[in-house]
Amino acid sequence: MQADVNPDDEVIALTRALLRFDTINPPGDESLCMAFLADYLQQQGFNVHLQQFGDRRFNLLARIDGRRPERAPLAFTGHLDTVPLGNAEWRFGAFDGEIVDGRLYGRGASDMKAAIAAFIVACRQQRSAIAAGCGVVLLLTGGEETGCDGARALIAEAREHLPKIGALIVGEPTANYPVVGHKGALWLRCETRGKTAHGAMPELGINAIYLAAEAIGKIRHFEPGAPHPLMKRPTLNVGTIDGGLNINSVPDRSRFDVDIRTAPNLRHDEIRQRLTTAMGDTVTITTLVDLPSILTEPRNAWVRQVFARCAPLHDAPLEPRVVPYFTDASVLLDTLGSPPCIILGPGEPAMAHQTDEYCAVDKLRQAVVLYGQLISDWG
Ligand SMILES: [Zn+2]
């Protein structure tokens, strides 16, 4: 695979190579893509550890150790799985990596194979500085799109391979804007139970759909907590509902899922408790996903250094910003020793999960330079 890499266009070639693997999740299959990367990174001098977390599901840990152990290494993280293509037809091949008008098209181009290619190429270019300095760690995950399954498996099963990290860069799409945090997510499954009866004699049953509708009515304007100065208001959305088997029976079961997005000033166990009280005892709640928000202090010295490196790439002065979507950092940070964390990637935030997803080629090239500067600054 490496033979067809033109050295001038290494990052384009590597992004395209990653786009060619179908890593759509669900169903999720990172096996060939991770095997390719393991091989590629080994040739670049990385120590590589592949971790399987399911049938054809993989994470990959890669590191170059430095000669200055007194400072913990810089780490990059990215996920290799992508969301499905959607129902609309693509104008460009979703796995071809076509470049048209300065845009590199493909599923996962923005979210986030381009970023992964960019930090791998930056590491190769800085390899001797890395080895003479503090080292670098790459945490490449699968299963992110379905709720950080890969990252969870990584901290559960590969803990002994995870070194303490000095700072973490998450390559999610920000158009090379440094982002200091993101909201947390609390996903709850709510169930109501009733009593079935013939649809012509509803007075003999208890309608579980009515119970669900009443509960949803009670939480429609529920406030998960006070607004956060940076992350603003927490949100709640009922995303799915189902129940009942046929039109002429009283349904004895209904289920709806609630998606709450939170900020660091809010505790998930408290929100869940208040929501339970608000809905009443006809509803049973199960937690599906519980990911904390993350926020790095914008005055942190390293964060200020990252901002200084990013500033020339943007017209307006940079300000501390957060994004609404969650990332693997929610799961990883604690285990990595809670280092400062920046979300920074060449992808277009608005292109994530879209038809005809693309990454701008100039931003991709900028990211290689930018990541290289951050590696050398750390060094
Ligand atoms: Zn992503």
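What counts as what
- Residues numbered from 1 in each chain as written.
- Predicted model: local features only at pLDDT ≥ 70, side-chain atom pairs only at ≥ 80, totals over all residues.
- Helix = DSSP H or I, 4+ residues; strand = E, 2+ residues; numbered from the N terminus.
- Contact = placed C-beta atoms within 7 Å.
- Buried ≥ 20, exposed ≤ 12 C-beta atoms within 10 Å, placed from the backbone.
- Core = buried A, V, L, I, M, F, W, Y, C linked by C-beta atoms within 7 Å.
- Domains from an automatic or database assignment.
- Expected span 1.5 Å × (residues − 1).
- Arc of directions from axis to C-beta.
- Pairing = 2+ DSSP bridges.
- Axes fitted to C-alpha atoms, helices over the stretch in contact; angles between N-to-C directions.

## Some thoughts on the overall build of the chain
The helix and strand inventory of the chain stands at ten helices and 16 strands. Projected onto its principal axes, the C-alpha positions of the chain cover 75 × 45 × 45 Å. For the chain, contacts bridging at least 24 residues in sequence account for 80% of all contacts bridging at least 6.

## Focus: unusual backbone geometry
Pro26 follows Asn25 through a cis peptide bond whose omega is 0 degrees. For Pro26, the position within the fold is in the loop between α1 (10–19) and α2 (31–43). Along the chain, Asp111 connects to Met112 via a cis peptide bond; the corresponding omega equals -5 degrees. The residue Met112 is located in helix α3 (residues 109–125) in this model. A positive phi is found at Asp101, a non-glycine position, where the angle reads about 50 degrees. Counting through the fold element by element, Asp101 comes out in the loop between β4 (99–100) and β5 (103–105). Since 7 C-beta atoms lie within 10 Å of it, Asp101 is described here as exposed. For Ala175, which is not glycine, the phi dihedral falls at a positive 55 degrees. With respect to the secondary-structure elements, Ala175 resides in the loop between β7 (167–170) and β8 (181–182).

## Considering the nonpolar core
Residues Ala118 and Leu168 are the most contacted members of the largest nonpolar core, which totals 102 residues. A per-element tally of this core places α3 first, with twelve residues. Both domains that meet at this core, namely domain 1 (2–182 + 293–378) and domain 2 (185–291), each give it at least three residues. Those residues within four positions of Ala118 in sequence are excluded, and the remaining contacts are Val11, Pro346, Leu364, Ala367, Val368 and Tyr371.

## Quick word on helix α6 (residues 208–219)
The terminal C-alpha atoms of α6 lie 17 Å apart, and with twelve residues this matches the ideal 16 Å at 1.5 Å per residue to within 8%. Burial in α6 covers these residues: Ala208, Leu211, Ala212 and Ala215. Taken end-on, α6 shows its buried residues confined to a sector of 95 degrees, consistent with a single buried face. On the buried face of α6, the contacting elements are β9 (184–193), β10 (235–243), β11 (253–262), α7 (268–279) and β12 (283–291).

## Let's talk about the domain arrangement of the chain
By a frequent convention, interface size equals the accessible area lost on bringing the separate parts together. Each assigned domain of the chain is listed with its residue range as follows: domain 1 (2–182 + 293–378) and domain 2 (185–291). Distance from the C-alpha centre of domain 1 to the C-alpha centre of domain 2: 35 Å. Contacts between the two partners involve eleven residues from domain 1, matched on the other side by nine residues from domain 2.

## Some words on the environment of Pro224
Tracing the chain through its elements places Pro224 in the loop between α6 and β10. For Pro224 and Arg91, which are 133 residues apart along the polypeptide, the C-alpha to C-alpha distance reads 41 Å.

## Examining the sheet that holds strand β16 (residues 358–360)
Taken in spatial order, the three strands line up as β4-β5-β16 in an open sheet, and their pairing is antiparallel. The sheet is open, and its two edges are formed by β4 and β16, each paired on a single side. As defined by bridge partners, β5 adjoins β16 across three bridges and the pair is classed as antiparallel. Residue pairing across strands places Tyr105 opposite Tyr358, the latter belonging to β16. Across the sheet, α3 touches β5 and β16, and the angle it forms with β16 is around 50 degrees.

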